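A structural walkthrough
Spelled out, the chains give:
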2 protein chains.
Amino acid sequence: MSFSTSEENYLKAIFKIAERKGVPVSTNAIAKELHTSAASVTDMLQKLAEKQLVQYRKYRGVELTSDGKEVATQLIRKHRLWESFLVEKLGFSWDEVHDIAEQLEHIDSPLLVNRLDAFLDFPKFDPHGDPIPDRNGKFTLRSQIPLHQLSSGEVGIVIAVQNHEKGYLTLLDELDIQIGTSIRLIETFDFDNSLKIEVSDSREHLISDHISKNIYVRKV
Amino acid sequence: MSFSTSEENYLKAIFKIAERKGVPVSTNAIAKELHTSAASVTDMLQKLAEKQLVQYRKYRGVELTSDGKEVATQLIRKHRLWESFLVEKLGFSWDEVHDIAEQLEHIDSPLLVNRLDAFLDFPKFDPHGDPIPDRNGKFTLRSQIPLHQLSSGEVGIVIAVQNHEKGYLTLLDELDIQIGTSIRLIETFDFDNSLKIEVSDSREHLISDHISKNIYVRKV
DNA sequence: AAGAATATTTAGATTTACCTAAAAAAAAAT
DNA sequence: ATTTTTTTTTAGGTAAATCTAAATATTCTT
Ligand SMILES: [Mn+2]
Ligand SMILES: [Mn+2]
Ligand SMILES: [Mn+2]
Ligand SMILES: [Mn+2]
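About the cut-offs
Residues numbered from 1 in each chain as written. Chains lettered and ligands numbered in written order. Predicted model: local features only at pLDDT ≥ 70, side-chain atom pairs only at ≥ 80, totals over all residues. Heavy atoms only, no water. Near = heavy atom within 4 Å. Polar contact = N/O pair within 3.5 Å; in protein donor to acceptor, adjacent residues only side chain to side chain. Helix = DSSP H or I, 4+ residues; strand = E, 2+ residues; numbered from the N terminus. Nonpolar A, V, L, I, M, F, W, Y, C, P; charged D, E, K, R; others polar. Donors = N, O, S within 2.8 Å, 3.2 Å for Na, K, Ca; no water. Buried < 20%, exposed > 50% of the residue type's maximum accessible area, 1.4 Å probe, protein only. Contact = heavy atoms within 4.5 Å. Buried area = accessible area lost by both parts, 1.4 Å probe. Salt bridge = Lys/Arg side-chain N within 4 Å of Asp/Glu carboxyl O. Least-squares fit on C-alpha atoms with pLDDT ≥ 70 in both. Pairing = 2+ DSSP bridges. Axes fitted to C-alpha atoms, helices over the stretch in contact; angles between N-to-C directions.

Of all residues adjacent to DNA strand D, which total 21 residues, the nearest are A:Ser4, A:Ser40, A:Lys47, B:Tyr56 and B:Lys58. Taken together, the sugar and phosphate atoms account for 78% of what DNA strand D places within 4 Å of the protein. For DNA strand D, a phosphate oxygen lies 3.0 Å from a polar atom in the side chain of A:Ser6. B:Tyr56 places a polar side-chain atom, nitrogen or oxygen, 2.3 Å from a phosphate oxygen of DNA strand D. Taken together, the elements giving at least two residues each to the surface near DNA strand D come down to α1 (5–21) and α3 (38–50) of chain A together with α2 (27–33) and α3 (38–50) of chain B. Taken together, the residues of the surface near DNA strand D sort by class into seven nonpolar, ten polar and four charged.

This is the structure in structure tokens:
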């Protein structure tokens, strides 16, 4: 009932791709997510299928079994709890924590995870606004829309960002955009889908579609 | 400048054996410490020697180079800081933390270690009384003697235990012996070197030489 | 419905970290 | 100073996780 770091990373990748693009998940999509070769992915899928963690049909892609989903969910729980710990208790900023959490999520101790959860007061969302599954694997659901889906003049509160790369997050810092920031959509430019926005009732910026599509808000 | 978990475990083992028994450290001693075969140890020593982490002479044993010592010291620092965190912040008891710290000590992030150190208020000793090296690798030295070196009637305060196994530590819990506990040596039995002791001016126990030799005290 | 392009699997290697059994060296005992 | 015992190294192999190149299956395009 314990898995290698490698097996865990594959299960988490499959879970995340399935969330974004649905099932079945293709070999190439996994290879891209994990920066590895398609051949390596095929090897691992056969292994995971034998262990009943995925349902695999040659040339047709994979889907997680309920066991596989359980493992992936616990990993995501650990990742997001550790990120919360690093920000809330150790004073890290949101652009510094992902890579460290990639390591910490593989620490194997259910007791530690639950103690950490309690120490943090059972947080429901991590520093990037992503929901933290509870000890039973249950995610808190919220309605959220990508920033560009606001109508002109509408205001949204940032509740999540979908990209955790350091470069992306420090760019948001430059724009004074964090979780909780209010953004008014002023105008959409159809030419390249860039947006003119007003941040916190003060600064105005023109942001690319690549930036805006990773920002999720709830309407006020 | 980054090493595998396996390489790190060998370096730490060599450091600890050298501390206890001096240099050079034999192949067999390492094999025993890491529960592995002598042949595996030889393989690894050759690899570590190539990387300039140990000075290795065939059939003659090894000694850490200054690079090797540096790596080992940082590992010990991480291990003991994580143990302190688990006890001080997450409410673990001293017999539950060693195995988890064995995993956490391999997390690679110097910034994390130093933030953790600050979060814990720069502790000088871990939950077992072992000194925590500072960020420059400096250990706080104290004079400590094994319990059996007290003379009859003398009192010592427990400042460290040398064995971290769960079984040993829960036994000490049974005897109400913790870091800081005062123990009076009542009598030594030469037959098997067992000791009659009085714990915290109240309970008397007869303890085996195997138990007493892992308890270190300072005279009051 | 072919043919071309893309995706996936298989074949065959490589690296790391192990192992057992045999050989060689060092240390201990006579 | 031999002989015996112990320690250490070498030889040869295995399993996990990766790779590249070649073969095969699927999907897209005409
Ligand atoms: Mn993350
Ligand atoms: Mn996150
Ligand atoms: Mn320990
Ligand atoms: Mn300790």
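So that's the structure; there's more coming.
Residues and elements named next belong to chain B. For the manganese ion (ligand 4), the full set of protein donor atoms is Glu83 (OE), Asp126 (OD) and His128 (ND1), and the range of their distances to it is 2.1 to 2.3 Å. For the manganese ion (ligand 4), all donor residues lie on one chain, and their spacing in sequence is E-x42-D-x1-H. The metal-metal distance between the manganese ion (ligand 4) and the manganese ion (ligand 3) is 3.5 Å, with glutamate 83 serving as a donor to both. Remark: histidine 128 occurs in the loop between α6 (110–119) and β3 (145–146) and glutamate 83 occurs in helix α4 (residues 66–88); sequence separation between them is 45 residues. For the pair glutamate 83 and histidine 128, a shared accessibility class is recorded, and that class is buried.

Here we take up the interface of chain A and chain B. With 20 residues of chain A at the contact, the number on the chain B side is 20 residues. Summed over both sides, the interface of chain A with chain B buries roughly 1,600 Å², with 73% coming from carbon and sulfur. Across the chain A-chain B interface, the total number found is zero salt bridges. Put simply, chain A and chain B have five residue pairs in polar contact (both at pLDDT 80 or more) between them. Residue assignment for the side of chain A that touches chain B shows that the elements contributing at least two residues are α4 (66–88), α5 (98–104) and α6 (110–119) of chain A.

Superposition of chain A onto chain B requires a rotation of 180° combined with a translation of 0.0 Å along the rotation axis, giving an RMSD of 0.1 Å. Overall, the copies show the geometry of a two-fold rotation axis. Relative to the rotation axis, the C-alpha of A:Leu104 is the closest in chain A, positioned 3.8 Å from it. An overlap of 100% is found between the interface residues of chain A and their copies at the interface of chain B, pointing to a shared contact surface.

Next up on the list: the pattern of salt bridges. Residue and element names in this part refer to chain A. For the structure on display, the rule yields 22 salt bridges over all chains. The partner of lysine 47 in a salt bridge is glutamate 7, with the nearest N and O atoms 3.2 Å apart. Here lysine 47, found in helix α3, pairs with glutamate 7, found in helix α1; they are 40 residues apart in sequence, far enough to count as distant. Of the residues examined, lysine 47 reaches a relative accessible area of 36% and is grouped as partly exposed. Classification of glutamate 7 by relative accessible area gives buried; the value is 2%. Residue aspartate 117 is joined to arginine 77 by a salt bridge in which the shortest nitrogen-to-oxygen separation is 3.1 Å. Here aspartate 117, found in helix α6, pairs with arginine 77, found in helix α4; they are 40 residues apart in sequence, far enough to count as distant. Linked through salt bridges whose partners overlap, the residues forming this network are Glu7, Lys47 and Lys51.

All names here are of chain B. Reading across the sheet, the six strands line up as β3-β8-β4-β5-β6-β7 and stay open at both edges, with antiparallel pairing between neighbours. Both outer strands of the open sheet, β3 and β7 (203–207), are each paired with one neighbouring strand and no more. The sheet contacts of helix α7 (residues 166–174) involve β4 (155–161), β7 and β8 (215–219), and relative to β4 the element is tilted by about 150°.

Any functional reading would require information beyond the geometric quantities listed.
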